[in-house]
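# Geometric and topological summary
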Amino acid sequence: MAPDTRALDVGALGTGPRPRPPLGALRPRGVTRLLIYSHDSFGLGHLRRCRSIAQNLVQTYPDLEVLILSGLPIIASYAFDERVRYRLVPGIIKLSNGDYKALDAADIREAIDARSRLILETAQEFQPDLFLIDKEPLGIRGEVTDTLVYLKERGVPVVLGVRDVMDDPVAFAAEWERKLAVPALEDYFSEIWVYGMERIYRPLEGLPLPTAVEQKIVYTSYLWREENRAPSAEPLPVDPPFLLVTPGGGGDGEGLVDWVLSAYERAPDLLRALIVCGPFMHAESRRRIEARAARLPHVEVLTFAPDMERLMTAATAVVAMGGYNTFCEILSFDKPSLIVPRTRPRLEQFIRAREAERQGLLRMLPHDEDNPDPQQMIDALKALPSQPRPSSVVIPGLLDGHSAIAHRFAALTGLAADAPVRAASA
């Protein structure tokens, strides 16, 4: 399905290839509606996870319509099923110190107020049968609170979706206490979907959760990713074999790429590398990387690849920071991987890599930001192609997340969950 590439203003809808009725139009008999709030203030991870869930659900249920609320204009670069739409809200970003900054407003409070109004108006127009909130129970700075109150009055089930790892337990508990997250979970939410496995990590363990909230937790397992099988007219940027180096969205990925380049500058016999910087890498950082790579015959650089699954499928092995989506792709495409996790502003990637390494799914290489050792990276890259694949470890149900989500969605909305679940690219 071709992406909608129109210029989108705040409140505009992105759609599939055919004209769609306005949100407030009378829905056909039997149609079910899912509204997704994508917490997307940093990088691509939240958006890509929400998109993957939406794509799979509409492929499972033919009478389902999904609307994604997002603050990332880059959403228009992705392909969607015609029954998945998106609405843009004013963009905000999270800075490295944890503060938020509005992209198109002088004051963050102005942007939050505008987002809050638009989220509520969208719920009132769309009339969802279920509201799925990504990561933040009350939204960024409480912007979803009015919508939660509105939907509770109408008996609409609300679900919080969280990744397998949130942060260091002490820091995460303090964050949720400050945001009044636990009372919100008690008051407004029907379930909490953890997109991971309890045997690998329990992201809410250690929080002071009432029994009623504990009973709402559902571990879905990880989200299977499938290569987009639509034929592509574009050749691969490099011919196999090659190592794929990906810092995800790239907003904090310069350290990883710098370390990899330092290895190639000293060891020209390394396997060819394709570096995908990510759309959020600072322009000056990307230019420095491109200039260094131009002097290396075995290194190619891309800014952004919306079809990352195709590159992952073709790659011999993967070097990454270890965000949630990349981890799911590594498991799905069964690639030997070297994970260099960030440790600021959260320990999420480090904890995920540590626990996955304990399971034998990947290798982690901690990054000494003050004194990275090129030889250490050279040795790791040389060993990577012969490293065991994730499938060498048998973990039943490891990638059953989409199936579990489809069944829980059916249980909460009254749908019949008897259709086969097919994985969608994201």
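Right above here is the structure, for reference.
Predicted, not measured: the structure shown is a model, and the values here were computed from it.

### Considering the overall build of the protein
Looking only at helices and strands, the protein has 13 helices and 16 strands in total. When burial is assessed residue by residue, the protein has 55% of its 426 residues classed as buried. Residue pairs at least 24 apart in sequence account for 77% of intrachain contacts in the protein once pairs closer than 6 positions are excluded. If you sum the accessible surface of the protein, you get close to 17800 Å²; carbon and sulfur atoms cover 50% of it.

### Focus on the environment of Pro-210
As for its placement among the helices and strands, Pro-210 is situated in the loop between strand 9 (191-195) and helix 6 (211-214). Once you skip the residues sitting within four places of it in the chain, Pro-210 turns out to touch Val-182 and Glu-186.

### With respect to the packing of aromatic side chains
For the structure on display, the rule yields 6 aromatic pairs. Pairing Tyr-222 with Tyr-324 gives two aromatic rings, centres 5.9 Å apart and planes at 25°, and the pair type is stacked. In this pair, Tyr-222 sits in the loop between strand 10 (217-219) and strand 11 (243-246) while Tyr-324 sits in helix 10 (residues 324-332), placing the two residues 102 residues apart along the sequence. We classify Tyr-324 as buried; its relative accessible area is 3%. Centroid distance Tyr-222 to Phe-327: 5.3 Å. Interplanar angle 80°. Geometry classified as edge-to-face. Taken together, the residues Tyr-222 in the loop between strand 10 and strand 11 and Phe-327 in helix 10 connect sequence positions 105 residues apart. With a relative accessible area of 1%, Tyr-222 lands in the buried category. The class of Phe-327 is buried, set by a relative accessible area of 3%. Members of the aromatic cluster, joined through ring pairs, are Tyr-222, Tyr-324 and Phe-327. The ring of Tyr-324 has Arg-49 lying over it, and the distance from NZ or CZ to the ring centre is 5.3 Å. Lying over the aromatic face of Phe-80, Arg-51 brings its terminal NZ or CZ to 5.4 Å of the ring centre.

### Overview of the pattern of salt bridges
Note that side chains of opposite charge can pair when their charged atoms are close. Counted according to the given criterion, the structure contains 34 salt bridges. Across the pair Glu-125 and Arg-87 runs a salt bridge, and its minimum N-O distance is 3.9 Å. Note that Glu-125 is positioned in helix 2 (residues 108-126) and Arg-87 in strand 4 (residues 84-88), a separation of 38 residues in sequence. Classification of Glu-125 by relative accessible area gives partly exposed; the value is 33%. Here Asp-258 ties to Arg-292 by a salt bridge, and the two come within 2.5 Å at their closest N and O atoms. Taken as a pair, Asp-258 in helix 7 (residues 254-266) and Arg-292 in helix 8 (residues 283-294) lie far apart in primary sequence, 34 residues in all. The exposure class of Asp-258 is partly exposed, given its relative accessible area of 32%. A relative accessible area of 18% places Arg-292 in the buried class. One network of salt bridges, in which partners are shared, links Lys-135, Glu-136, Asp-167, Glu-175, Lys-179 and Arg-346.

Procedures and definitions
- Residues numbered from 1 in each chain as written.
- Predicted model: local features only at pLDDT ≥ 70, side-chain atom pairs only at ≥ 80, totals over all residues.
- Heavy atoms only, no water.
- Helix = DSSP H or I, 4+ residues; strand = E, 2+ residues; numbered from the N terminus.
- Buried < 20%, exposed > 50% of the residue type's maximum accessible area, 1.4 Å probe, protein only.
- Contact = heavy atoms within 4.5 Å.
- Areas by Shrake-Rupley, 256 points an atom, 1.4 Å probe, with all protein chains shown as cover.
- Phe/Tyr/Trp six-rings, centres within 6.5 Å; stacked < 30°, edge-to-face > 60°.
- Lys NZ or Arg CZ within 6 Å of the ring centre and 35° of its normal.
- Salt bridge = Lys/Arg side-chain N within 4 Å of Asp/Glu carboxyl O.

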